[in-house]
Amino acid sequence: MKHATQIHDRRAFLKTLGVLAAGAALAPAIRVLPAFAASGVIKTSEQRMLMGTFVSMTVLAPSQGLGEEATGRAFAEVERQIGIFNRFDPSTALSALNRDGRLNGAPQELLDVVAFSGDLHRRSSGRFDATIAPVVNLLERSHGKPDAQDMKEALALVDGSRLRSSGSNLRFDVAGMSATLDGVAKGYIADSAAEALTKAGVVNFLIDAGGDIRVGGASDGLVRPWRVAIEDPDKQGNYPAVIDMKAGAVATSGGYEVFFDPSKKSHHLVDPASGASPQYVRSVSVKAPTVKEADGLATALSLMHPREALRLTESMLGHDCLLITSTGARISSSTWG
């Protein structure tokens, strides 16, 4: 069977939700280049609209039955976890935390993501901050032109170190704080889908969660790697990089697709110290063992000076980055390739 892999634009995520989720690695499109199954290997592909974007899975297995069963299990896991992390659904655990300021007996998945977010907050010197939600909400309401006093009050509610966990309980230290885990939750869910495929006996797969890519094995079921192209920020088809992958994840964060104001100076990447959006780095792509790590780090690096971004990436084993600046310069970590 031959299937051309479809290309999805992550702008649909924000347009569907109607809210710009700062702190999330809401990337420009990453293109998965077409691949075909070898003889004796059956390719099964399925796509669903979930999390406000297209989530597609392609698996290669000895039989169509195995491929369909594995894909079904993986999608079931995605839908289950959406019921934990969707902050726009008042019935989820994350919404309960934001509404009440505390949550006892939180699901393990939420505890895991909060713990990862706290660790990245520390490693990135506060650039990645899950508690950026009050500022995001203000920017959305004010179309990127908030009153100075309102911004000061919103920024006072941003401090990732004040989202506390104790056992299975979570709480904010200050009334009015709230969290958005959009920068890592979708990646975490994609990683969980990959685990579900593996447990079902699938070795060769690609998951595309609206541009968050996780792969395993070969694109033909035998030896050929999956080929992933990083989108050109100028949309001219001049891909900054084409990556061959047999394992791991890649995600891209860029501030030129989704913005709050007509001038495009205020976009979904927001500095938690100032509420401003960076202008120098246009696009950051990260390769990492998991989508959760790739997504979160891409967001953090987007808010750093390139030298600082490279230092952080080089300190993290198994991580690589590619930065595209406003002048078109390409800056990469030493092992990017």
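Every residue gets a number counted from 1 within its own chain, in the order that chain's sequence is written. This being a predicted model, a pLDDT of at least 70 is required before a residue's local features are given, and a value of 80 or more before pairs of side-chain atoms are given or counted; all residues contribute to the totals for chains, interfaces and linings. Water and hydrogen atoms were dropped before computing side-chain values, which therefore reflect all heavy atoms in the structure.

> What am I meant to see in the overall build of the chain here?
Put simply, DSSP marks the helices as runs of H or I at least four residues long and the strands as runs of E at least two long, and each gets a number from the N terminus on. Each helix and strand counted, the chain has nine helices and 14 strands in total. Only heavy atoms matter for contacts: two residues are in contact if any of them lie within 4.5 Å across the pair. Long-range contacts, defined here as pairs at least 24 residues apart, represent 63% of the contacts in the chain between residues at least 6 apart. Each accessible area is a Shrake-Rupley result for a 1.4 Å probe, and residues are judged covered by the shown protein chains and nothing else. Per element, the accessible surface of the chain, about 13700 Å² overall, is 50% carbon and sulfur.

> Would you take a moment to explain the nonpolar core for this structure?
One broad rule of soluble globular proteins: the nonpolar side chains tend to lie buried together. If you look at the biggest cluster of nonpolar residues, it comprises 50 residues, and the most contacted ones within it are Val78, Phe85, Leu110, Leu181, Leu197 and Ile207. Counting only elements with at least two residues in this core, the list comes to β3 (53–61), α2 (64–85), α3 (93–100), α4 (108–123), β6 (169–172), α7 (185–199), β7 (204–209) and α8 (291–302). Broken down by element, this core gets its largest block of residues, eight residues, from α7. Sequence-distant contacts of Ile207, defined by excluding residues within four places in its chain, comprise Ser56, Met57, Ala190, Ala193, Ala194, Leu197, Asp212, Ile213 and Arg214. We define a nonpolar core as any set of buried Ala, Val, Leu, Ile, Met, Phe, Trp, Tyr and Cys residues linked to one another through side-chain atoms lying within 4.5 Å. Only protein chains enter the area calculation, which uses a 1.4 Å probe; residues under 20% of their type maximum are buried, those over 50% are exposed, and those in between are partly exposed. If you look at the next biggest cluster of nonpolar residues, it comprises 16 residues, including Val284, Ala288, Leu310 and Leu312.

> Would you explain the packing of aromatic side chains in this entry?
Centre distance and the angle of the planes are the two values used to describe a pair of aromatic rings. Here the aromatic set is Phe, Tyr and Trp, taking the six-membered ring for Trp, and pairing holds for ring centres within 6.5 Å; pairs whose planes are under 30 degrees apart are stacked, those over 60 apart are edge-to-face, and all others are tilted. Across all of its chains, the model carries one aromatic pair by this definition. On the numbers, 5.8 Å between centres and 65 degrees between planes, the contact of Phe85 with Tyr188 is edge-to-face. Of this pair, Phe85 sits in helix α2 while Tyr188 sits in helix α7, and the two are 103 residues apart along the sequence. According to the relative accessible area criterion, Phe85 is buried, its value standing at 4%.

> Would you explain the environment of Gly254 in this entry?
With respect to the helices and strands, the residue Gly254 is situated in strand β11 (residues 247–254). Each C-alpha atom of the pair Gly254 and Arg282 lies 5.5 Å from the other, and the pair is 28 residues apart in sequence.

> It is not clear to me how the sheet that holds strand β12 (residues 281–288) should be interpreted in this structure. Could you clarify?
In any sheet, the strands associate via hydrogen bonds between backbone groups, in a parallel or an antiparallel arrangement. Taken in spatial order, the eight strands line up as β2-β3-β7-β8-β11-β12-β13-β14 in an open sheet, and their pairing is antiparallel. Either end of the sheet is taken by a strand with one partner, and the two such strands are β2 (42–50) and β14 (330–332). Each strand axis lies, on average, 10 degrees off the axis of its neighbour in the sheet, ignoring direction. Across nine bridges, β2 lies against β3 in antiparallel orientation. Across the sheet, the residue bridging to Leu50 is Thr53, located in β3. Angles run from 0 to 180 degrees between N-to-C directions of axes, and those axes are lines fitted to C-alpha atoms, restricted for helices to the stretch in contact. Together, β3, β7 and β8 (212–216) form the strand contacts of α7, whose direction differs from that of β7 by roughly 160 degrees. Sheet strands in contact with helix α9 (residues 306–314) are β12, β13 (320–325) and β14, and its direction is about 170 degrees off that of β13. If DSSP finds at least two bridges between two strands, the strands pair.

> Hey, could you run me through α7 in this one?
Side chains three or four residues apart in an α-helix point the same way, a direct result of the helix having 3.6 residues per turn. Helix span, expected: 1.5 Å multiplied by one less than the number of residues in the helix. Along its 15 residues, α7 runs 21 Å from first to last C-alpha, staying within 8% of the 21 Å computed at 1.5 Å per residue. Listed in full, the buried residues belonging to α7 are Ala185, Lys186, Gly187, Tyr188, Ile189, Ala190, Asp191, Ser192, Ala193, Ala194, Ala196 and Leu197. Tucked into the core, α7 has its buried residues touching β3, α2, α4, β7, β8 and α8. Following α7 by one or two positions, Gly201 has its phi on the positive side, about 100 degrees.

> Explain the confidence of the model for the chain to me, please; I cannot follow it from the model alone.
Taken as a whole, the chain shows an average pLDDT of 86; of its residues, 86% reach a score of 70 or greater. In this model residues 1–29 is a low-confidence stretch, pLDDT under 50, and it forms 96 contacts with partners more than four residues away in sequence or in other chains. As a per-residue measure, pLDDT reflects the predictor's confidence and takes values from 0 up to 100.

> Sorry if this is basic, but what is going on with the pattern of salt bridges here?
Proximity of charged atoms lets side chains of opposite charge pair with each other. Note on definitions: salt bridges are taken to be side-chain nitrogens of Lys or Arg within 4 Å of carboxyl oxygens of Asp or Glu. A complete count under the given rule lists 14 salt bridges for this structure. Ionic pairing is found between Glu109 and Arg80, a salt bridge with its closest N-O pair at 2.6 Å. Of the two residues, Glu109 is situated in helix α4 and Arg80 in helix α2; the sequence distance between them amounts to 29 residues. Look at Glu109 and you get buried, because its relative accessible area is 14%. For Arg80, a relative accessible area of 39% gives the class partly exposed.

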